[in-house]
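Residues per chain, in single letters:
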Amino acid sequence: MMVNQQKRRVVITGLGAVTPLGIGVQPTWNNICEGQSGIGPITRFDASDYPVQIAGEVKDFNPGDYIDKKDIKKVDTFIQYAIAASQEAVDDAGLKVTDDNADRVGVYVGAGIGGLPGIEHFHTVLKEKGPGRVSPFFIPMVIINLASGNIAIRLGAKGPNSCAVTACATGNHCIGDAFRLIQYGEADVMIAGGTESTISPLCVAGFGAAKALSRRNDDPQRASRPFDQDRDGFVISEGAGVLVLEELEHAQQRGVRIYGEVAGYAMTSDAFHITAPPENGEGAVKCMTKALQDAGIAKEDVGYINAHGTSTFADQVETQAIKQVFGEQAYKIPVSSTKSMVGHMLGAAGGVEAVFSVLAGYHGILPPTINIENQDPLCDLDYVRGQSRKSTIKAAISNAFGFGGVNACLVFKQYQSS
(Lines give C-alpha, C1' and ligand atoms only; values in the text may rest on other atoms or scores of the structure.)
Protein backbone atom coordinates (compact mmCIF):
# COMPACT_ATOMS: atom_id res chain seq x y z
CA MET A 1 0.00 0.00 0.00
CA MET A 2 1.27 3.43 -0.97
CA VAL A 3 0.88 5.91 1.89
CA ASN A 4 2.15 9.48 1.92
CA GLN A 5 2.96 11.17 5.20
CA GLN A 6 1.52 14.43 3.89
CA LYS A 7 -2.08 14.34 2.77
CA ARG A 8 -2.54 15.24 -0.87
CA ARG A 9 -5.00 17.87 -2.08
CA VAL A 10 -8.10 16.63 -3.86
CA VAL A 11 -10.05 18.65 -6.41
CA ILE A 12 -13.26 18.14 -8.39
CA THR A 13 -12.81 18.02 -12.17
CA GLY A 14 -16.05 16.44 -13.40
CA LEU A 15 -19.73 16.39 -12.49
CA GLY A 16 -22.62 14.16 -13.57
CA ALA A 17 -26.27 13.98 -12.58
CA VAL A 18 -29.56 12.29 -13.34
CA THR A 19 -32.48 13.85 -11.45
CA PRO A 20 -36.22 14.53 -11.60
CA LEU A 21 -35.26 17.98 -12.91
CA GLY A 22 -33.20 16.82 -15.84
CA ILE A 23 -30.88 14.31 -17.46
CA GLY A 24 -27.51 15.93 -16.93
CA VAL A 25 -25.97 18.57 -14.71
CA GLN A 26 -26.83 21.66 -16.75
CA PRO A 27 -30.61 21.23 -17.07
CA THR A 28 -30.81 20.12 -13.46
CA TRP A 29 -28.79 23.09 -12.21
CA ASN A 30 -30.77 25.55 -14.33
CA ASN A 31 -34.05 24.25 -12.89
CA ILE A 32 -32.67 24.25 -9.35
CA CYS A 33 -31.61 27.87 -9.66
CA GLU A 34 -35.07 28.75 -10.96
CA GLY A 35 -36.75 27.06 -8.00
CA GLN A 36 -38.54 24.42 -10.08
CA SER A 37 -40.03 21.29 -8.55
CA GLY A 38 -39.54 17.83 -10.03
CA ILE A 39 -42.24 16.17 -7.92
CA GLY A 40 -45.37 14.69 -9.46
CA PRO A 41 -47.79 11.75 -9.43
CA ILE A 42 -46.31 8.25 -9.46
CA THR A 43 -46.41 6.71 -12.94
CA ARG A 44 -44.19 3.65 -12.41
CA PHE A 45 -47.08 1.62 -11.03
CA ASP A 46 -50.74 2.09 -10.16
CA ALA A 47 -50.58 3.88 -6.82
CA SER A 48 -54.27 4.78 -6.66
CA ASP A 49 -54.83 2.52 -3.64
CA TYR A 50 -51.73 3.75 -1.81
CA PRO A 51 -51.85 6.48 0.82
CA VAL A 52 -48.79 7.99 -0.91
CA GLN A 53 -49.19 8.66 -4.63
CA ILE A 54 -46.38 11.14 -5.39
CA ALA A 55 -42.65 10.90 -6.03
CA GLY A 56 -39.71 12.52 -7.74
CA GLU A 57 -39.45 10.36 -10.86
CA VAL A 58 -36.69 10.76 -13.43
CA LYS A 59 -38.33 11.68 -16.72
CA ASP A 60 -37.34 10.98 -20.33
CA PHE A 61 -34.38 8.80 -19.42
CA ASN A 62 -33.27 6.57 -22.27
CA PRO A 63 -30.83 3.90 -21.06
CA GLY A 64 -29.93 3.19 -24.68
CA ASP A 65 -28.08 6.49 -24.77
CA TYR A 66 -25.53 5.00 -22.35
CA ILE A 67 -25.81 1.22 -22.49
CA ASP A 68 -25.84 -1.28 -25.36
CA LYS A 69 -29.37 -2.45 -26.06
CA LYS A 70 -28.48 -6.08 -25.31
CA ASP A 71 -27.17 -5.11 -21.86
CA ILE A 72 -30.00 -2.87 -20.65
CA LYS A 73 -32.01 -5.71 -19.10
CA LYS A 74 -28.92 -6.95 -17.29
CA VAL A 75 -28.80 -3.96 -14.94
CA ASP A 76 -31.48 -2.53 -12.68
CA THR A 77 -32.39 1.13 -13.04
CA PHE A 78 -30.15 2.37 -10.22
CA ILE A 79 -27.14 1.01 -12.12
CA GLN A 80 -28.36 2.61 -15.34
CA TYR A 81 -28.51 5.99 -13.61
CA ALA A 82 -25.05 5.46 -12.12
CA ILE A 83 -23.59 4.64 -15.54
CA ALA A 84 -25.21 7.72 -17.09
CA ALA A 85 -24.07 10.11 -14.37
CA SER A 86 -20.55 8.68 -14.31
CA GLN A 87 -20.24 8.92 -18.09
CA GLU A 88 -21.23 12.58 -17.96
CA ALA A 89 -18.78 13.25 -15.12
CA VAL A 90 -15.90 11.47 -16.86
CA ASP A 91 -16.60 13.27 -20.13
CA ASP A 92 -16.84 16.57 -18.25
CA ALA A 93 -13.42 15.91 -16.72
CA GLY A 94 -11.92 14.92 -20.07
CA LEU A 95 -10.67 11.76 -18.38
CA LYS A 96 -9.23 8.93 -20.47
CA VAL A 97 -8.41 5.64 -18.76
CA THR A 98 -5.45 3.92 -20.42
CA ASP A 99 -3.16 1.00 -19.68
CA ASP A 100 -0.74 3.51 -18.16
CA ASN A 101 -3.13 4.99 -15.59
CA ALA A 102 -5.82 2.32 -15.10
CA ASP A 103 -4.40 1.10 -11.77
CA ARG A 104 -4.62 4.63 -10.36
CA VAL A 105 -8.27 5.27 -11.30
CA GLY A 106 -11.00 3.89 -9.03
CA VAL A 107 -14.76 3.92 -8.54
CA TYR A 108 -16.77 4.42 -5.33
CA VAL A 109 -20.51 4.68 -6.09
CA GLY A 110 -23.10 3.31 -3.70
CA ALA A 111 -26.85 3.07 -3.12
CA GLY A 112 -28.96 2.93 -0.01
CA ILE A 113 -31.36 0.21 -1.14
CA GLY A 114 -30.25 -0.82 -4.63
CA GLY A 115 -32.16 -3.12 -6.94
CA LEU A 116 -35.43 -3.47 -5.07
CA PRO A 117 -37.56 -3.14 -8.25
CA GLY A 118 -35.65 -6.04 -9.80
CA ILE A 119 -36.10 -8.11 -6.66
CA GLU A 120 -39.83 -7.44 -6.69
CA HIS A 121 -40.08 -8.33 -10.38
CA PHE A 122 -38.21 -11.60 -10.18
CA HIS A 123 -39.99 -12.64 -7.01
CA THR A 124 -43.21 -12.40 -9.01
CA VAL A 125 -41.62 -14.33 -11.88
CA LEU A 126 -40.52 -17.06 -9.46
CA LYS A 127 -43.96 -17.41 -7.89
CA GLU A 128 -45.90 -17.28 -11.16
CA LYS A 129 -43.59 -19.07 -13.60
CA GLY A 130 -41.12 -21.05 -11.51
CA PRO A 131 -37.35 -20.97 -10.92
CA GLY A 132 -36.49 -21.74 -14.53
CA ARG A 133 -37.73 -18.31 -15.60
CA VAL A 134 -35.52 -16.30 -13.24
CA SER A 135 -32.84 -14.52 -15.23
CA PRO A 136 -29.21 -15.65 -14.77
CA PHE A 137 -28.42 -11.93 -14.57
CA PHE A 138 -30.80 -11.39 -11.64
CA ILE A 139 -28.19 -11.30 -8.86
CA PRO A 140 -25.62 -9.02 -10.55
CA MET A 141 -28.41 -6.72 -11.77
CA VAL A 142 -29.58 -5.88 -8.23
CA ILE A 143 -26.63 -6.00 -5.83
CA ILE A 144 -25.37 -2.58 -4.85
CA ASN A 145 -21.65 -2.86 -5.60
CA LEU A 146 -22.44 -3.61 -9.25
CA ALA A 147 -23.00 0.12 -9.79
CA SER A 148 -19.29 0.65 -9.14
CA GLY A 149 -18.49 -2.64 -10.85
CA ASN A 150 -20.22 -1.75 -14.10
CA ILE A 151 -18.69 1.72 -14.18
CA ALA A 152 -15.20 0.29 -13.67
CA ILE A 153 -15.71 -2.34 -16.38
CA ARG A 154 -16.88 0.26 -18.86
CA LEU A 155 -13.96 2.57 -18.12
CA GLY A 156 -11.30 -0.08 -17.58
CA ALA A 157 -10.61 1.47 -14.17
CA LYS A 158 -8.52 -1.00 -12.14
CA GLY A 159 -7.92 1.04 -9.01
CA PRO A 160 -9.93 0.87 -5.77
CA ASN A 161 -13.48 -0.31 -6.41
CA SER A 162 -16.03 -0.30 -3.62
CA CYS A 163 -19.18 1.34 -2.27
CA ALA A 164 -20.75 2.53 0.93
CA VAL A 165 -24.27 1.40 1.84
CA THR A 166 -25.40 3.77 4.56
CA ALA A 167 -28.99 4.68 3.74
CA CYS A 168 -29.37 8.39 3.05
CA ALA A 169 -25.74 9.16 3.90
CA THR A 170 -24.45 6.81 1.18
CA GLY A 171 -23.47 9.47 -1.36
CA ASN A 172 -21.51 11.51 1.18
CA HIS A 173 -19.74 8.45 2.54
CA CYS A 174 -18.76 7.33 -0.96
CA ILE A 175 -17.36 10.74 -1.85
CA GLY A 176 -15.62 11.10 1.51
CA ASP A 177 -14.08 7.64 1.42
CA ALA A 178 -12.89 8.22 -2.16
CA PHE A 179 -11.42 11.54 -1.04
CA ARG A 180 -9.41 9.70 1.62
CA LEU A 181 -8.10 7.15 -0.89
CA ILE A 182 -6.66 9.95 -3.00
CA GLN A 183 -5.41 11.92 0.00
CA TYR A 184 -3.34 8.97 1.19
CA GLY A 185 -2.00 7.97 -2.20
CA GLU A 186 -3.98 4.85 -3.08
CA ALA A 187 -5.45 6.44 -6.20
CA ASP A 188 -5.00 9.54 -8.33
CA VAL A 189 -8.58 9.70 -9.62
CA MET A 190 -11.85 8.43 -8.15
CA ILE A 191 -15.31 8.44 -9.70
CA ALA A 192 -17.53 8.79 -6.63
CA GLY A 193 -21.13 9.42 -5.65
CA GLY A 194 -24.52 7.83 -5.09
CA THR A 195 -27.41 6.39 -7.06
CA GLU A 196 -30.91 5.11 -6.34
CA SER A 197 -34.12 4.02 -8.04
CA THR A 198 -36.67 2.48 -5.70
CA ILE A 199 -39.97 4.08 -6.65
CA SER A 200 -41.60 0.68 -6.51
CA PRO A 201 -44.71 -0.76 -4.85
CA LEU A 202 -42.89 -2.37 -1.94
CA CYS A 203 -40.64 0.60 -1.21
CA VAL A 204 -43.44 3.17 -1.32
CA ALA A 205 -45.63 0.89 0.81
CA GLY A 206 -42.81 0.38 3.32
CA PHE A 207 -41.91 4.02 3.77
CA GLY A 208 -45.61 4.85 3.76
CA ALA A 209 -46.31 2.35 6.53
CA ALA A 210 -43.56 4.01 8.57
CA LYS A 211 -45.42 7.35 8.15
CA ALA A 212 -42.24 8.80 6.68
CA LEU A 213 -43.67 10.11 3.40
CA SER A 214 -45.70 13.19 2.56
CA ARG A 215 -49.33 12.48 1.69
CA ARG A 216 -49.92 15.79 -0.05
CA ASN A 217 -51.12 13.88 -3.11
CA ASP A 218 -53.30 16.69 -4.41
CA ASP A 219 -50.42 19.16 -4.58
CA PRO A 220 -47.20 17.26 -5.32
CA GLN A 221 -45.01 20.22 -6.23
CA ARG A 222 -45.62 21.73 -2.79
CA ALA A 223 -45.25 18.44 -0.92
CA SER A 224 -41.54 18.64 -0.11
CA ARG A 225 -41.32 21.60 2.26
CA PRO A 226 -38.26 21.46 4.52
CA PHE A 227 -38.33 23.80 7.52
CA ASP A 228 -42.01 24.59 6.98
CA GLN A 229 -44.34 24.09 9.93
CA ASP A 230 -46.84 22.21 7.74
CA ARG A 231 -44.39 19.60 6.45
CA ASP A 232 -45.72 16.06 6.68
CA GLY A 233 -42.88 13.85 5.51
CA PHE A 234 -40.33 13.50 2.74
CA VAL A 235 -41.01 12.78 -0.93
CA ILE A 236 -39.28 9.68 -2.24
CA SER A 237 -37.19 10.35 -5.30
CA GLU A 238 -34.56 8.81 -7.57
CA GLY A 239 -31.48 9.65 -9.60
CA ALA A 240 -27.70 9.73 -9.38
CA GLY A 241 -24.96 12.23 -8.64
CA VAL A 242 -21.31 11.54 -9.44
CA LEU A 243 -18.10 13.54 -9.04
CA VAL A 244 -14.68 13.00 -10.54
CA LEU A 245 -12.21 13.55 -7.71
CA GLU A 246 -8.59 14.05 -8.66
CA GLU A 247 -5.27 14.65 -6.95
CA LEU A 248 -4.36 18.29 -7.52
CA GLU A 249 -1.06 17.86 -9.37
CA HIS A 250 -2.59 15.14 -11.55
CA ALA A 251 -5.37 17.56 -12.55
CA GLN A 252 -2.91 20.39 -13.13
CA GLN A 253 -0.79 18.22 -15.39
CA ARG A 254 -3.88 17.42 -17.46
CA GLY A 255 -4.74 21.11 -17.66
CA VAL A 256 -8.41 20.56 -16.87
CA ARG A 257 -11.03 22.81 -15.31
CA ILE A 258 -11.24 22.61 -11.53
CA TYR A 259 -14.67 23.21 -10.00
CA GLY A 260 -13.49 23.29 -6.42
CA GLU A 261 -11.64 21.37 -3.74
CA VAL A 262 -12.75 18.71 -1.29
CA ALA A 263 -11.36 20.15 1.92
CA GLY A 264 -12.79 18.00 4.71
CA TYR A 265 -14.84 14.96 5.60
CA ALA A 266 -16.15 13.37 8.77
CA MET A 267 -18.55 10.66 9.83
CA THR A 268 -20.14 9.90 13.18
CA SER A 269 -22.84 7.69 14.66
CA ASP A 270 -25.78 8.71 16.82
CA ALA A 271 -25.99 5.24 18.41
CA PHE A 272 -29.51 6.23 19.35
CA HIS A 273 -32.39 4.91 17.19
CA ILE A 274 -32.89 2.99 13.95
CA THR A 275 -34.61 5.88 12.14
CA ALA A 276 -34.69 9.02 14.31
CA PRO A 277 -31.87 11.35 15.40
CA PRO A 278 -31.53 12.42 19.04
CA GLU A 279 -33.31 15.71 19.69
CA ASN A 280 -30.07 17.41 20.71
CA GLY A 281 -28.47 16.60 17.34
CA GLU A 282 -25.30 15.37 19.05
CA GLY A 283 -24.12 13.20 16.16
CA ALA A 284 -24.68 15.92 13.57
CA VAL A 285 -22.89 18.47 15.76
CA LYS A 286 -19.84 16.26 16.12
CA CYS A 287 -19.86 15.41 12.42
CA MET A 288 -19.91 19.02 11.21
CA THR A 289 -17.33 20.01 13.82
CA LYS A 290 -14.94 17.23 12.83
CA ALA A 291 -15.38 17.93 9.13
CA LEU A 292 -14.45 21.58 9.66
CA GLN A 293 -11.46 20.55 11.73
CA ASP A 294 -10.38 18.11 9.03
CA ALA A 295 -10.67 20.89 6.45
CA GLY A 296 -8.75 23.38 8.59
CA ILE A 297 -11.42 25.95 7.81
CA ALA A 298 -12.63 28.61 10.22
CA LYS A 299 -16.35 28.64 10.93
CA GLU A 300 -16.46 32.22 9.68
CA ASP A 301 -15.39 31.04 6.22
CA VAL A 302 -18.43 28.83 5.72
CA GLY A 303 -20.73 30.70 3.36
CA TYR A 304 -23.32 28.04 2.55
CA ILE A 305 -24.77 24.84 4.00
CA ASN A 306 -26.64 22.36 1.82
CA ALA A 307 -28.78 20.85 4.54
CA HIS A 308 -29.99 17.30 4.75
CA GLY A 309 -33.38 19.00 5.14
CA THR A 310 -35.80 16.16 4.49
CA SER A 311 -39.15 17.85 5.23
CA THR A 312 -39.56 15.81 8.44
CA PHE A 313 -39.18 16.38 12.17
CA ALA A 314 -35.42 16.03 11.69
CA ASP A 315 -35.30 19.51 10.12
CA GLN A 316 -35.58 20.94 13.62
CA VAL A 317 -32.76 18.74 14.85
CA GLU A 318 -30.46 19.77 12.00
CA THR A 319 -31.27 23.43 12.61
CA GLN A 320 -30.37 23.08 16.28
CA ALA A 321 -27.17 21.24 15.38
CA ILE A 322 -26.10 24.03 13.02
CA LYS A 323 -26.69 26.58 15.77
CA GLN A 324 -24.67 24.52 18.24
CA VAL A 325 -21.75 24.31 15.83
CA PHE A 326 -21.72 27.93 14.65
CA GLY A 327 -23.32 29.85 17.51
CA GLU A 328 -24.50 33.33 16.50
CA GLN A 329 -22.64 32.86 13.20
CA ALA A 330 -25.34 30.34 12.23
CA TYR A 331 -27.79 33.15 11.55
CA LYS A 332 -25.39 34.65 9.00
CA ILE A 333 -24.90 31.45 6.98
CA PRO A 334 -27.33 30.78 4.12
CA VAL A 335 -28.79 27.28 4.39
CA SER A 336 -30.94 25.53 1.81
CA SER A 337 -32.51 22.16 1.19
CA THR A 338 -32.50 21.24 -2.48
CA LYS A 339 -34.72 18.30 -1.52
CA SER A 340 -37.55 20.83 -1.64
CA MET A 341 -37.18 20.63 -5.44
CA VAL A 342 -35.82 17.16 -6.23
CA GLY A 343 -37.22 15.21 -3.30
CA HIS A 344 -35.24 12.72 -1.26
CA MET A 345 -33.11 10.47 -3.45
CA LEU A 346 -32.07 8.24 -0.54
CA GLY A 347 -28.65 6.79 -1.42
CA ALA A 348 -28.24 9.24 -4.31
CA ALA A 349 -29.04 12.32 -2.22
CA GLY A 350 -25.50 13.00 -1.05
CA GLY A 351 -24.06 12.63 -4.55
CA VAL A 352 -26.55 15.02 -6.13
CA GLU A 353 -26.31 17.50 -3.26
CA ALA A 354 -22.52 17.45 -3.53
CA VAL A 355 -22.93 18.48 -7.18
CA PHE A 356 -25.18 21.36 -6.08
CA SER A 357 -22.80 22.42 -3.32
CA VAL A 358 -19.80 22.45 -5.66
CA LEU A 359 -21.71 24.43 -8.29
CA ALA A 360 -22.91 26.90 -5.67
CA GLY A 361 -19.29 27.80 -4.96
CA TYR A 362 -18.18 27.65 -8.58
CA HIS A 363 -20.95 29.87 -9.96
CA GLY A 364 -21.55 31.99 -6.86
CA ILE A 365 -25.25 31.05 -6.81
CA LEU A 366 -26.98 29.59 -3.76
CA PRO A 367 -29.92 27.27 -4.52
CA PRO A 368 -33.21 28.16 -2.84
CA THR A 369 -35.49 26.26 -0.52
CA ILE A 370 -38.96 26.35 -2.02
CA ASN A 371 -42.31 25.79 -0.31
CA ILE A 372 -41.50 27.55 2.97
CA GLU A 373 -44.85 29.24 3.41
CA ASN A 374 -45.28 28.96 7.18
CA GLN A 375 -41.77 28.71 8.57
CA ASP A 376 -41.39 26.51 11.62
CA PRO A 377 -40.41 28.85 14.51
CA LEU A 378 -37.93 26.19 15.66
CA CYS A 379 -36.30 26.40 12.22
CA ASP A 380 -35.16 30.00 12.37
CA LEU A 381 -32.11 30.22 10.09
CA ASP A 382 -31.66 31.85 6.68
CA TYR A 383 -32.97 29.13 4.36
CA VAL A 384 -32.67 31.09 1.07
CA ARG A 385 -36.44 31.11 0.81
CA GLY A 386 -38.06 30.88 -2.59
CA GLN A 387 -35.40 32.25 -4.92
CA SER A 388 -31.73 31.52 -5.58
CA ARG A 389 -29.23 34.08 -4.38
CA LYS A 390 -25.93 35.35 -5.74
CA SER A 391 -23.11 35.05 -3.21
CA THR A 392 -19.37 34.52 -3.33
CA ILE A 393 -18.49 31.82 -0.81
CA LYS A 394 -15.17 30.47 0.42
CA ALA A 395 -16.48 27.15 1.70
CA ALA A 396 -19.65 25.07 1.82
CA ILE A 397 -20.84 22.17 3.95
CA SER A 398 -23.03 19.36 2.61
CA ASN A 399 -24.82 17.34 5.29
CA ALA A 400 -26.20 13.81 5.02
CA PHE A 401 -27.80 11.80 7.80
CA GLY A 402 -29.31 8.34 7.48
CA PHE A 403 -31.26 5.55 9.11
CA GLY A 404 -29.16 3.68 11.65
CA GLY A 405 -27.90 6.97 13.05
CA VAL A 406 -25.21 7.50 10.41
CA ASN A 407 -23.90 11.01 9.75
CA ALA A 408 -21.56 12.20 7.00
CA CYS A 409 -20.42 15.75 6.31
CA LEU A 410 -18.37 17.06 3.40
CA VAL A 411 -16.63 20.42 3.22
CA PHE A 412 -15.95 21.95 -0.19
CA LYS A 413 -13.98 25.12 -0.80
CA GLN A 414 -13.11 27.32 -3.71
CA TYR A 415 -9.98 26.17 -5.46
CA GLN A 416 -6.89 28.30 -5.02
CA SER A 417 -3.56 27.23 -6.49
CA SER A 418 -1.68 27.79 -3.26
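Structure: see above.
As the structure is a prediction and not an experimental result, all values here were calculated from the model.

Chemist: What should I look at first to understand the nonpolar core in this one?
Modeler: Buried together is how nonpolar side chains tend to be arranged in soluble globular proteins. In terms of nonpolar packing, the biggest core is built from 44 residues, with I12, L15, Y108, L243, L245 and F412 touching the most fellow members. Apart from residues lying up to four places away in sequence, Y108 is in contact with S148, S162, C163, A164, C174, D177, A178, L181, M190, I191, A192 and G193. Within the second largest apolar cluster, 34 residues are counted, among which are A82, I83, A85 and V105.

Chemist: Could you clarify how one ought to interpret the side chain of R225 in this entry?
Modeler: Inspection of the secondary structure puts R225 in the loop between α7 (201-209) and β8 (239-247). Residues contacting R225, with those up to four places away along its chain left out, are R216, D230, R231, S311, I370, N371 and E373.

Chemist: Would you explain helix α3 (residues 116-129) in this entry?
Modeler: Think of an α-helix as turning once every 3.6 residues; residues three or four places apart then point the same way. Over its 14 residues, α3 runs 20 Å from end to end, which matches the ideal 20 Å to within 8%, given 1.5 Å per residue. Turning to α3, its buried residues are L116, G118, E120, F122 and V125. As for α3, its buried residues are in contact with α4 (138-142) and α7.

Chemist: I keep staring at the packing of aromatic side chains and nothing clicks. Help me out?
Modeler: Between two aromatic rings, the relevant description is the distance of the centres plus the angle of the planes. For the structure on display, the rule yields 9 aromatic pairs. When the ring of F122 is compared with that of F138, the centres are 5.3 Å apart and the planes differ by 55 degrees; the resulting orientation is tilted. Remark: F138 occurs in helix α4 and F122 occurs in helix α3; sequence separation between them is 16 residues. Each member of the pair F122 and F138 is classed as buried. Within the aromatic cluster, the residues linked to one another by ring pairs are F61, Y66 and Y81.

Chemist: Honestly, the layout of surface pockets in this entry has me stumped. Any pointers?
Modeler: To find leftover empty space, a probe the size of one water molecule is rolled over the atoms. Taken as a whole, the largest pocket holds about 610 Å³ of empty space. Considering the residues around the largest pocket, the lining is formed by 34 residues, among which T275, P277, T312, A314 and F403 are closest to the centre. Every element with two or more residues in the lining of the largest pocket is listed here: α7, α9 (282-295), α10 (314-326) and β14 (395-402). Looking at which element gives the most residues to the lining of the largest pocket, the answer is α10, with 3 residues. The residue makeup of the lining of the largest pocket, split by class, is 17 nonpolar, 14 polar and 3 charged. Roughly 210 Å³ of internal volume is contained in the second largest pocket. Every residue along the wall of the second largest pocket is listed here: I67, D71, K74, V75, I83, F137, P140, M141, L146, N150, I153 and R154. Listing elements by their share of the lining of the second largest pocket, those giving two or more residues are α4 and α5 (146-155).

Chemist: Help me out: how do you make sense of the pairing of strand β9 (residues 260-269) in this one?
Modeler: Remark: a regular strand shows side chains that alternate across the two faces of the sheet. Burial of β9 is extensive: 8 of the 10 residues sit out of reach of the surface. Bridge analysis of strand β1 (residues 10-19) against β9 gives 3 bridges, and the strand direction is antiparallel. Paired with I12 across the strands is G260, a residue of β9.

Chemist: Could you clarify how one ought to interpret empty space enclosed by the protein in this entry?
Modeler: All told, the structure shown has 1 cavity of 30 Å³ or more when counted by the stated rule. Taken as a whole, the largest cavity encloses approximately 70 Å³ of empty space. Contributing elements (two or more residues each) for the lining of the largest cavity: α12 (349-363), β14 and β15 (406-413). It is α12 that contributes the most residues to the lining of the largest cavity, 4 residues altogether. Of the residues in the lining of the largest cavity, the class split is 7 nonpolar, 4 polar and 2 charged.

What counts, and at which threshold
Residues numbered from 1 in each chain as written. Predicted model: local features only at pLDDT ≥ 70, side-chain atom pairs only at ≥ 80, totals over all residues. Heavy atoms only, no water. Core = buried A, V, L, I, M, F, W, Y, C linked by side-chain atoms within 4.5 Å. Buried < 20%, exposed > 50% of the residue type's maximum accessible area, 1.4 Å probe, protein only. Contact = heavy atoms within 4.5 Å. Helix = DSSP H or I, 4+ residues; strand = E, 2+ residues; numbered from the N terminus. Expected span 1.5 Å × (residues − 1). Phe/Tyr/Trp six-rings, centres within 6.5 Å; stacked < 30°, edge-to-face > 60°. 1 Å grid on protein atoms, 1.4 Å probe; cavity = no way out; pocket = protein on both sides within 12 Å on 5 of 7 lines; lining within 4 Å. Points joined across faces, edges and corners; volume = space filled by probe spheres on them. Nonpolar A, V, L, I, M, F, W, Y, C, P; charged D, E, K, R; others polar. Pairing = 2+ DSSP bridges.

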